[in-house]
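One-letter residues, chain by chain:
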Amino acid sequence: MIDDCQDIAVRYWNEITSSHLADVPGLLQLLETFQHIGAANHRWSFMAPRYHGRGFVWNGVLTGELRLTPTHTFFPDVPVLEGTPR
């Protein structure tokens, strides 16, 4: 689902930048700002223990399996500290 959304966003970016909308003053800068905000939020979400459970330490992995639970998400291939709920 995430990959599909990213593909849609890239398609919209390509459509906008190759159309007359690219000439609207400030529009491309605004869209680039949204890209930076989204990328930073995505990276922060990988690193923040609040999303992955107490004791989570991100090891830099950006791909692989992600499991969602009612209380947190976790990456099975990323080691967690002893006692961290799964």
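The rules we used
Residues numbered from 1 in each chain as written. Predicted model: local features only at pLDDT ≥ 70, side-chain atom pairs only at ≥ 80, totals over all residues. Heavy atoms only, no water. Helix = DSSP H or I, 4+ residues; strand = E, 2+ residues; numbered from the N terminus. Areas by Shrake-Rupley, 256 points an atom, 1.4 Å probe, with all protein chains shown as cover. Salt bridge = Lys/Arg side-chain N within 4 Å of Asp/Glu carboxyl O. Buried < 20%, exposed > 50% of the residue type's maximum accessible area, 1.4 Å probe, protein only. pLDDT = per-residue confidence, 0-100. Axes fitted to C-alpha atoms, helices over the stretch in contact; angles between N-to-C directions. Parallel < 35°, antiparallel > 145°, perpendicular 65-115°, else oblique. Left-handed = near helix turned anticlockwise from the far one by under 90°. Contact = heavy atoms within 4.5 Å. Nonpolar A, V, L, I, M, F, W, Y, C, P; charged D, E, K, R; others polar.

Undergrad: Got a sec to walk through the overall build of the protein? Specific residues and values, please.
TA: Of the regular secondary structure elements, the protein holds three helices and two strands. Put simply, the protein shows about 6,700 Å² of open surface, and 61% of that area lies on carbon and sulfur atoms.

Undergrad: Just give me the short version of the pattern of salt bridges, but keep the residues and values in it.
TA: Here the structure, examined in full by the defined rule, presents one salt bridge. Where Glu15 meets Arg11, a salt bridge forms, and the shortest distance between an N and an O atom there is 3.8 Å. Taken together, the residues span about one helical turn, with Glu15 and Arg11 both in helix α1 (residues 2-17) at a distance of four residues. Classification of Arg11 as partly exposed rests on a relative accessible area of 42%.

Undergrad: How would you explain the confidence of the model for the protein if you had to name every residue and give the values?
TA: Here the protein averages 80 in pLDDT, and 86% of its residues register 70 or above. Between the elements of the protein, mean pLDDT differs from a low of 70, seen in strand β2 (residues 73-74), to a high of 89, seen in α1.

Undergrad: Summarise the environment of Ala48; cite the residues concerned and give the values.
TA: By the secondary structure assignment, Ala48 is in the loop between α2 (27-47) and α3 (49-52). Overall, Ala48 belongs to the buried group, its relative accessible area being 6%. When the C-alpha positions of Ala48 and Trp58 are compared, they lie 8.0 Å apart, and in sequence the two are ten residues distant.

Undergrad: Give a detailed account of the packing of α1 against α2, specifying residues and quantitative values.
TA: Running from amino to carboxyl end, α1 crosses α2 at an angle of 165°, the nearest separation of the two axes being 11 Å. Here α1 is positioned roughly antiparallel relative to α2, judged by the angle of their axes. Of the two possible hands of crossing, α1 and α2 adopt the one that is left-handed. Side by side, α1 and α2 meet where Trp13, Ile16 and Thr17 of the first sit next to Leu27, Leu28, Leu31, Glu32 and Gln35 of the second. Among the residues forming the contact of α1 with α2, the class breakdown is five nonpolar, two polar and one charged.

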